[in-house]
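Read off the chains here:
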Amino acid sequence: MFEVFSRGYYLGRLYVTPTDGSRALMHSDQHERVNEELYATGEGLERLDAPLVMKLESRHFPVHGGEDVPTNTLAVPEELLEDTRVRNPPSLREVFLARRERVQQLLSFSGGVHTDAGT
C-alpha cells in the first residue's frame, strides 16, 4: 500500500473522500496492518491502533482506524479538504505517510494532536 519515498515519508495512493466526523479515518484492518508493518519496532508489546500521520498536499494530520471506511480509502474531515485540490470525491490521490521517526516532530509543527506513535 505504501512504498519508501524519502527519509521522512512513505508514498501511497488512496481514495480520498470527505467525512462529517472530526477525525481522519481509514479501514481498521488496513490501519492496523500499516501500523504493524511501518510503525512497529518489533520490541515488546506495541500499540497497533496508534494514529498514523499522513500528509495530503501540505497538511499533516493523524489518521485513525474506522470499521465503516471502505478499504483503500482515506476519509478526511470536510474542513481539511476545503484547502485541497480534491474535487469530485472519492478521488484517487497520492498521500504521504510519515515515517515513525518523524511523527512527533511533524505533529508539533502542524499543531496536531500528539500521539505515542514512534516513542
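Remember, predicted model here, so these are calculated numbers, not experimental data.

Novice: How should I be thinking about helix α1 (residues 28–39) in this particular structure?
Specialist: Quick reminder: α-helices carry 3.6 residues per turn. Residues three or four places apart thus point the same way. Relative to the 16 Å expected for 12 residues at 1.5 Å per residue, α1 spans 15 Å between its end C-alpha atoms, a close match to the ideal helical length. Of the positions making up α1, those classed as buried are S28, Q30, H31, V34, N35, L38 and Y39. Mapping the buried residues of α1 onto a view down its axis gives an arc of 160°, with all of them on the same face.

Novice: Honestly, unusual backbone geometry in this entry has me stumped. Any pointers?
Specialist: Across the chain, the bulk of peptide bonds are trans and the bulk of non-glycine residues have phi less than zero. Despite not being glycine, E57 shows a phi value in the positive range, around 55°. Tracing the backbone shows E57 in the loop between β4 (52–56) and β5 (59–66). For N72, which is not a glycine, the phi torsion comes out positive at approximately 60°.

Novice: Just to check I follow, could you spell out the confidence of the model for the protein chain for this structure?
Specialist: Detailed reading of the predicted coordinates is not advisable wherever pLDDT is low. Here the protein chain averages 83 in pLDDT, and 83% of its residues register 70 or above. Of all the helices and strands in the protein chain, helix α3 (residues 103–110) carries the lowest mean pLDDT, 63, while strand β3 (residues 24–27) carries the highest, 96. Across residues 112–119, where pLDDT falls below 50, the model places 19 contacts with residues more than four positions away in sequence or in other chains.

Calculation criteria
Residues numbered from 1 in each chain as written. Predicted model: local features only at pLDDT ≥ 70, side-chain atom pairs only at ≥ 80, totals over all residues. Heavy atoms only, no water. Helix = DSSP H or I, 4+ residues; strand = E, 2+ residues; numbered from the N terminus. Expected span 1.5 Å × (residues − 1). Buried < 20%, exposed > 50% of the residue type's maximum accessible area, 1.4 Å probe, protein only. Arc of directions from axis to C-beta. pLDDT = per-residue confidence, 0-100. Contact = heavy atoms within 4.5 Å.

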